[in-house]
Amino acid sequence: MTPDEEVAAVLDRRTALVGLLLAVLSAASFGTAGVFASGLLGAGWSAGAAVTVRMAVAALALTVPAVLQLRGRWHLLRSNLRVVAAFGALAVALPQLAYFVAVTRLSVGVALLLEYCGVLLVVLWTWARLGQRPSRVTGAGMVVAVVGLVLVLDVVSGARIDPVGVLWGLLAAVGLASYFILSAATEDGLPPLASAWAGLAAGALVLGAAALVGLVPWRTATTDVEFAGWSTSWLVPILGLGLLAAAIAYATGIAAVRRLGSRTSSFVGLSEVLFAVLAAWLALGQRPGPVQLVGGIVVLGGIVLVRLGERPAVEPAATVDPVPAGSDR
């Protein structure tokens, strides 16, 4: 190996490590959404209102850093308005709207399982579109991760199935897959933080329009919300949803996909379920059972297998980052 190749290998490993840390941070941030949302829903908020306000607050929080990042490069945003609109509609608004409609007809575990089938769609997309056939180790990791997900979500217990709900759950899966696939696109040169800001703003506009025409029920309240026996202002879950579970989650998630590629990052994203269980335990006192704990270990094992089975040279998005070092901070 030549000196240049050694340097490139070190940089590749560093990029992958940073990507993995960002993916875990993103999953942990997304995992808090359920806790914050439960407080708002319990106080009388509709799911559509909570999600729309979540995205609007996140977009507002990212406005200043995104503007600073795009200073002198506004042509990147103008030339990619269609991509941004697609990301906001398909990758941000669709999975959230479809999931909340699905849970009105399905048990929560089944709805989540259907949504997370989106990671399998990512694998099929990279195989069919890019010719990136998964290795046997990756395939084994996929099976192990899905089995673990079934255990964590406790799908069998109290399962409720409805054909229309299943269709909405599958739409949520399409939205989730779109998030990872569109986030991996690097040819537009739009920085991750700016992509998150523009996508969240577009998503908020889409859901806001859906609420105006009556497609999304809209109810809000200013009463205090309950968390594990104690009450707090409704602003606390709003800020938690907007800043932690959206602004930080999307910005770090997009940056992670740019470094790891869509396939690996989508499976690391499954750890969101584990963080959601942990957050519910700490904040709401919903202690996970033994089966869920075993399922969590199985999910982690599947993620490790998927990562080991990925070929470093397969996904250019894992090694190509058009954003100059430090420009996404």
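Undergrad: So what exactly am I meant to see when it comes to the overall build of the chain here?
TA: Helices and strands together make up the secondary structure of the chain, namely 14 helices and 2 strands. Looking at the chain as a whole, 50% of its 329 residues qualify as buried. Taking the contacts inside the chain whose residues are at least 6 apart along the sequence as the reference set, 90% of them involve residues at least 24 apart.

Undergrad: Can you walk me through the pattern of salt bridges in this structure?
TA: Oppositely charged side chains can pair when the atoms bearing their charge come close. Across all of its chains, the model carries 1 salt bridge by this definition. Of the charged contacts, one joins arginine 105 and aspartate 162 as a salt bridge, the two residues approaching to 3.4 Å between their closest N and O atoms. Taken as a pair, arginine 105 in the loop between α5 (81-102) and α6 (108-115) and aspartate 162 in the loop between α8 (136-153) and α9 (163-183) lie far apart in primary sequence, 57 residues in all.

Undergrad: Just to check I follow, could you spell out helix α7 (residues 118-130) for this structure?
TA: For an α-helix, the turn length of 3.6 residues means that residues three or four places apart are oriented alike. Its 13 residues give α7 an end-to-end C-alpha distance of 17 Å, which sits within 8% of 18 Å, the value for a rise of 1.5 Å per residue. Taken residue by residue, α7 has Gly118, Val119, Val122, Val123 and Thr126 as its buried positions. When α7 is viewed along its axis, its buried side chains cluster within an angular range of 160 degrees and face the same direction. In this structure, the buried side of α7 is in contact with α6, α8, α9 and α12 (262-268). Just beyond α7, the residue with positive phi is glycine 131, at close to 70 degrees.

Undergrad: Any chance you could explain the packing of helix α3 (residues 47-70) against helix α10 (residues 192-212) here in plain terms?
TA: In a packed pair of helices, the relevant descriptors are the angle between the two axes and the axis-to-axis distance. Put simply, α3 and α10 touch, their axes get as near as 7 Å, and they point 145 degrees apart. In this structure, the crossing between α3 and α10 has a hand that is left-handed. Contacts between α3 and α10 involve Val51, Thr52, Met55, Ala56, Ala58, Ala59, Leu62, Thr63, Pro65, Ala66, Gln69 and Leu70 from the former and Leu193, Ala194, Ala196, Trp197, Leu200, Ala201, Gly203, Ala204, Leu207 and Gly208 from the latter. Among the residues making up the contact of α3 with α10, the classes are represented as 17 nonpolar, 5 polar and no charged.

Undergrad: Which parts of the structure should I look at to understand the packing of aromatic side chains?
TA: The description of an aromatic ring pair uses the distance of the two centres, along with the angle that the planes make with each other. Taken as a whole and assessed by the stated rule, the structure comprises 6 aromatic pairs. Each ring, one from phenylalanine 30 and one from tyrosine 179, has its centre 6.3 Å from the other, and the planes form 85 degrees; the classification is edge-to-face. Here tyrosine 179 lies in helix α9 and phenylalanine 30 lies in helix α1 (residues 3-30), a separation of 149 residues in the sequence. For phenylalanine 30, a relative accessible area of 12% translates into the label buried.

Undergrad: Whenever I open this one, the packing of helix α2 (residues 33-42) against helix α11 (residues 235-260) confuses me. Can you help?
TA: For the pair α2 and α11, interaxial distance at closest approach is 9 Å and the crossing angle is 155 degrees. If you check the angle between α2 and α11, you find them roughly antiparallel. When the axes of α2 and α11 are compared, the crossing they make is left-handed. Facing α2, whose interface residues are Ala33, Phe36, Ala37 and Leu40, α11 presents Pro237, Ile238, Gly240, Leu241, Leu244 and Ala245.

Undergrad: Teacher, can you tell me more about the environment of arginine 54 here?
TA: As for its placement among the helices and strands, arginine 54 is situated in helix α3. Judged by relative accessible area, arginine 54 falls into the buried class, the value being 10%. The sequence separation of arginine 54 and alanine 33 amounts to 21 residues, and the corresponding C-alpha distance is 9.5 Å. Excluding residues within four positions of it along the chain, arginine 54 makes contact with Phe30, Ala33, Gln96, Leu241, Gly242, Ala245 and Ala246. Among the polar contacts made by the side chain of arginine 54, one reaches the main-chain carbonyl oxygen of alanine 245 at a distance of 2.5 Å.

Undergrad: Mind showing me how you'd approach α9 here?
TA: The terminal C-alpha atoms of α9 lie 30 Å apart, and with 21 residues this matches the ideal 30 Å at 1.5 Å per residue to within 8%. Those residues of α9 that sit buried are Gly165, Gly169, Ala172, Ala173, Gly175, Leu176, Ala177, Ser178, Tyr179, Phe180 and Ser183.

Undergrad: Which parts of the structure should I look at to understand the layout of surface pockets?
TA: Any empty space left between atoms is shown by rolling a water-sized probe over those atoms. Counted as a void, the largest pocket has a volume near 1300 Å³. What lines the largest pocket is a set of 49 residues, and nearest its centre among them are Gly34, Tyr99, Leu112, Glu272 and Ala276. Class assignment for the residues of the lining of the largest pocket results in 33 nonpolar, 11 polar and 5 charged.

Undergrad: What am I meant to see in a nonpolar patch on the surface here?
TA: There is a patch of nonpolar side chains on the surface, built from Leu121, Leu124, Trp127 and Val174 and spanning about 340 Å² of accessible area. For the nonpolar patch, the element with the most residues is α7, which contributes 3 residues. You can see leucine 121 is positioned in helix α7. Take leucine 121: its relative accessible area is 34%, and that puts it in the partly exposed class.

Undergrad: Could you clarify how one ought to interpret the nonpolar core in this entry?
TA: Within the largest apolar cluster, 73 residues are counted, with the highest numbers of intra-cluster contacts made by Tyr179, Trp197, Leu200, Tyr250, Phe267 and Leu270. If we ignore the near neighbours within four places in the chain, the residues touching leucine 200 are Met55, Ala58, Ala59, Leu62, Val92, Ala246, Ala247 and Tyr250. Of all hydrophobic cores here, the second largest spans 15 residues; its members include Ala33, Val53, Val57 and Leu241.

Undergrad: What am I meant to see in the confidence of the model for the chain here?
TA: Note that predicted coordinates carrying low pLDDT should not be read in detail. Summary statistics for the chain give a mean pLDDT of 84 and a share of 88% for residues scoring 70 or more. With pLDDT under 50 throughout, residues 313-329 is counted as low confidence; its partners more than four residues away or in other chains account for 40 contacts.

What counts as what
Residues take numbers from 1 onward in each chain, read along the sequence in its written order. Reporting in this predicted model follows two pLDDT cut-offs: at least 70 for local features of residues, and 80 or more for side-chain atom pairs to be given and counted; totals over whole chains, interfaces and linings ignore these cut-offs and use all residues. Side-chain measures were taken over the full set of non-hydrogen atoms in the model, leaving aside hydrogen atoms and water. Counting from the N terminus, the helices are DSSP H or I runs at least four residues long and the strands are E runs at least two residues long. Think of it in three bands: with a 1.4 Å probe and only protein chains considered, a residue is buried below 20% of the maximum accessible area for its type, exposed above 50%, and partly exposed in between. Contacts are assigned to residue pairs that have any heavy atoms within 4.5 Å of one another. We count a salt bridge whenever a side-chain nitrogen from Lys or Arg sits within 4 Å of a carboxyl oxygen from Asp or Glu. Here, expected helix span is obtained from the residue count minus one, scaled by 1.5 Å. Starting at the helix axis, one direction is taken to each C-beta atom, and the arc is that of these directions. To obtain an axis, a line is fitted to C-alpha atoms, over the contacting stretch when the element is a helix, and the angle between two such axes runs from 0 to 180 degrees between their N-to-C directions. The handedness criterion is simple: a crossing whose near helix is rotated anticlockwise from the far helix by less than a right angle is left-handed, and one whose near helix is rotated clockwise is right-handed. All amino acids are sorted into three groups, where Ala, Val, Leu, Ile, Met, Phe, Trp, Tyr, Cys and Pro are nonpolar, Asp, Glu, Lys and Arg are charged, and the leftover types, Gly among them, are polar. Only Phe, Tyr and Trp rings take part, Trp by its six-membered ring, and two of them pair if their centres are within 6.5 Å. Stacked means planes under 30 degrees apart, edge-to-face means over 60, and tilted covers everything else. Should an angle fall under 35 degrees it is taken as roughly parallel, and over 145 as roughly antiparallel, whereas 65 to 115 is taken as roughly perpendicular and any remaining angle as oblique. Polar contact criterion, stated in full: a pair of N or O atoms within 3.5 Å, where within protein one must be able to donate a hydrogen and the other to accept it, and residues adjacent in sequence count only if both atoms are side-chain atoms. Using protein atoms alone on a 1 Å grid, points that fit a 1.4 Å probe yet trap it form a cavity, whereas open point sets bounded by protein on both sides within 12 Å along at least five of seven lines form a pocket; residues with an atom within 4 Å of a point count as lining. Grid points are joined across faces, edges and corners, and a volume is the space filled by probe spheres set on the points. Each patch is built from residues that are more than 30% exposed by relative accessible area and take part in no salt bridge. Like charges join if they lie within 9 Å; nonpolar side chains (Val, Leu, Ile, Met, Phe, Trp, Tyr) join within 5 Å. Computed with a 1.4 Å probe, the accessible areas rest on the Shrake-Rupley method; for each residue, only the protein chains presented here act as cover. In these notes, a set of buried Ala, Val, Leu, Ile, Met, Phe, Trp, Tyr and Cys residues joined through side-chain atoms within 4.5 Å is what counts as a nonpolar core. Confidence scores labelled pLDDT are given residue by residue by the predictor and lie between 0 and 100.

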